[in-house]
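The residues making up each chain are set out below.
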Amino acid sequence: MNILRNEIRTGLLVVLSLAALVAVLLYLGSPGVFVPQNTYRIFYDNASGLKPGGQVLLGGRKIGRVRSLFSPVPEKDRPSPKMETLVEVQVARDARIYNKVKVLLTQASLLSEMVIDFTSGEEASGLAQDGARFLGERPPGLAEAVPAVLEKIDPAMQKITETLDTLQGTAKNLNALTAEGADLSVAFGEFRKFGTNLNEISGPGGSLRNAFANIEALTGEDGKIQQTIGNVQQIVAAESPLAKALRNAEKFTADLAENRDLNLTFRNFRQASDNLTRAVDRLGTEFSEVGRNLEEASDTVKRQPWRLIWPTTKKYPDESPAPRLTVPKAKKAPARR
């Protein structure tokens, strides 16, 4: 009787152990048996690294697992843009996954397995129903990042290369300038000579120091410049002869400006000068005639001197007496008021 009882207990223990093991396996392999779940379909262009049974996260919290993968998807069933991989996931039904959400295929660490993470959901879009479809995003991995980085670095490398070429040309120019006998070396030598000459000029007994001393002597309190300035101040003083002369000149010009007879005097003087000019012109004509007569008389005396003794027999074409010279009288200027 005791043996039968022990066998029954052993059988019950085995059955319970098997039931517990099956329950655990079902929970791990098919969590939907015990917990209500939703199935979602996610399309990716490439799901490399993702395996069935992979973790599904919601903001970093595990909510389900990857059920299966299908690749490639028939072209007629591919959403736009064309995605070749379909991933079915099962998540807990109480997980708040919205219709508008980012579904990232990423890695928790560098060597960890690929996981699917639902992030950045919009509550206003409403909760996703069972069987909903999503377009997944795959961040660029190392294979895609290296070409992108190289593409961005390439312009910088080109600029660095150009800069190095420019620096190399600058180094060559500096070598040419600083070589022996180059312009820069000659310039430094001339500058050194200039410094030496400047020290000699500005040193004790130098011409520059003597010039400064002479300038100081001229501009000092008893210098010639100060004396000249004092003399000029005395000349232009209020009671100096120059100031008096300037005042007298100013008074004289003022009197001339106020005198109205001055214009009339100048007008009479101009008329007198015109009359004198006409008289001189007339006298010039008459003097020319007298000169011709004197020339003829001198020629006659030279050729026939006997005519000075007895009467002359020479006949002249014009026997009319010579005109008398008259000088026009200048008009008398009117008396000054």
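Residues numbered from 1 in each chain as written. Predicted model: local features only at pLDDT ≥ 70, side-chain atom pairs only at ≥ 80, totals over all residues. Heavy atoms only, no water.

**Q** Hey, could you run me through the overall build of the chain in this one?
**A** Each helix and strand in the chain was counted, giving 7 helices and 7 strands. Listing each helix as α and each strand as β along the chain from the N terminus yields α-β-β-β-β-β-β-β-α-α-α-α-α-α. Looking at the 337 residues of the chain, the share that counts as buried comes to 18%. (Helix = DSSP H or I, 4+ residues; strand = E, 2+ residues; numbered from the N terminus. Buried < 20%, exposed > 50% of the residue type's maximum accessible area, 1.4 Å probe, protein only.)

**Q** Help me understand the confidence of the model for the chain, please; the structure alone is not making it clear to me.
**A** Keep in mind that low pLDDT regions are not for reading the predicted coordinates in detail. On average, residues of the chain score 75 in pLDDT, and 74% of them reach the 70 mark or higher. Counting interchain partners and residues more than four positions distant, the pLDDT-below-50 stretch residues 322–337 has 13 contacts. (pLDDT = per-residue confidence, 0-100. Contact = heavy atoms within 4.5 Å.)

**Q** What is the right way to look at the pairing of strand β1 (residues 37–44) in this model?
**A** When you tally the buried positions in β1, you get 7 out of 8 residues, the bulk of the element. Relative to strand β4 (residues 85–92), β1 is paired through 8 bridges, and the arrangement is antiparallel. Among the inter-strand pairings, Phe43 is bridged to a residue of β4, identified as Leu86. Relative to strand β7 (residues 133–137), β1 is paired through 3 bridges, and the arrangement is parallel. By the bridge assignment for β7, Arg41 is matched with Arg133. (Pairing = 2+ DSSP bridges.)

**Q** Would you explain the pattern of salt bridges in this entry?
**A** Pairs can form between side chains of opposite charge once their charged atoms are near each other. Counted according to the given criterion, the structure contains 1 salt bridge. Its salt-bridge partner being Arg41, residue Glu88 comes within 3.3 Å of it at the nearest N-O pair. Remark: Arg41 occurs in strand β1 and Glu88 occurs in strand β4; sequence separation between them is 47 residues. You can call Glu88 buried: its relative accessible area is 11%. (Salt bridge = Lys/Arg side-chain N within 4 Å of Asp/Glu carboxyl O.)

**Q** What's the story with a nonpolar patch on the surface in this structure? I'm lost.
**A** On the surface, a nonpolar cluster with roughly 540 Å² of combined accessible area is contributed by Val149, Ile153, Met157, Ile160, Leu164 and Leu167. Among the structural elements, Ile160 can be located in helix α2 (residues 142–178). Looking at Ile160, the relative accessible area reads 44%, which means it is partly exposed. (Patch = residues over 30% accessible without salt bridge, like charges linked within 9 Å, V, L, I, M, F, W, Y side chains within 5 Å. Areas by Shrake-Rupley, 256 points an atom, 1.4 Å probe, with all protein chains shown as cover.)

**Q** What exactly am I supposed to notice about the pairing of strand β6 (residues 114–119) here?
**A** Moving residue by residue along a regular strand, the side chains alternate between the two faces of the sheet. In terms of residue burial, β6 counts as a mostly covered element, since 6 of its 6 residues are buried. What you see with β6 is no split at all: Met114, Ile116 and Phe118 on one side and Val115, Asp117 and Thr119 on the other are buried throughout. In the sheet, strand β5 (residues 102–107) pairs with β6 via 6 bridges, with the strands oriented antiparallel. When the sheet's bridge partners are listed, Gln107 is paired in β6 with Met114.

**Q** Can you help me understand the sheet that holds β1 in this one?
**A** Strand pairing in a sheet is mediated by backbone hydrogen bonds. Such pairs are either parallel or antiparallel. Taken in spatial order, the 7 strands line up as β1-β4-β3-β2-β6-β5-β7 and close into a barrel, and their pairing is mixed. The mean angle between the axes of side-by-side strands here comes to 35°, regardless of whether they run parallel or antiparallel. (Axes fitted to C-alpha atoms, helices over the stretch in contact; angles between N-to-C directions.)

**Q** Is there a simple way to explain the nonpolar core in this structure?
**A** Generally speaking, soluble globular proteins have nonpolar side chains that are buried together. Counting residues in each nonpolar core, the largest one holds 23 residues, and the members touching the most others are Ile97, Ile116, Phe118 and Phe134. The contacts of Phe134, once residues within four sequence positions are left out, are Tyr40, Arg41, Ile42, Phe43, Ile97, Tyr98, Asn99, Val101, Val103, Phe118 and Ala128. (Core = buried A, V, L, I, M, F, W, Y, C linked by side-chain atoms within 4.5 Å.)

**Q** Help me out: how do you make sense of unusual backbone geometry in this one?
**A** Among all residues except glycine, the phi angle is most often negative; among peptide bonds, the trans geometry is most common. Here the amide bond leading from Ser71 into Pro72 is cis, since omega sits at -5°, within 30 degrees of zero. On the secondary structure map, Pro72 appears in the loop between β3 (61–70) and β4. For Ser120, which is not glycine, the phi torsion reads 55° and is therefore positive. Among the secondary structure elements, Ser120 is positioned in the loop between β6 and β7.

**Q** How should the packing of aromatic side chains be read in this particular structure?
**A** Aromatic ring pairs are defined here through the distance separating the ring centres and the angle between the ring planes. For the structure shown, the criterion picks out 2 aromatic pairs. Taken together, a centroid distance of 5.6 Å and an interplanar angle of 85° make the contact between Tyr40 and Phe134 edge-to-face. Here the residue Tyr40 occupies a position in strand β1, and Phe134 occupies one in strand β7, the gap between them amounting to 94 residues. In this structure, Tyr40 and Phe134 share a single accessibility class: buried. Where Phe118 meets Phe134, the ring centres are 5.8 Å apart and the plane angle is 80°; that geometry is what we call edge-to-face. Linking Phe118 in strand β6 with Phe134 in strand β7, this pair joins segments that are 16 residues apart in sequence. Residue classification places Phe118 among the buried residues on the basis of a relative accessible area of 1%. By the ring-pair criterion, three or more aromatic residues cluster together here, those being Tyr40, Phe118 and Phe134. (Phe/Tyr/Trp six-rings, centres within 6.5 Å; stacked < 30°, edge-to-face > 60°.)

**Q** What is the right way to read the side chain of Asn38 from this model?
**A** Residue placement: Asn38 occurs in strand β1. Polar side-chain contacts of Asn38 include one of 3.4 Å to the side chain of Tyr40. At 3.2 Å, the side chain of Asn38 forms a polar contact with the side chain of Arg93. Filtering out sequence-adjacent residues up to four positions away, Asn38 remains in contact with Val89, Gln90, Val91, Arg93, Ala128 and Asp130. (Polar contact = N/O pair within 3.5 Å; in protein donor to acceptor, adjacent residues only side chain to side chain.)

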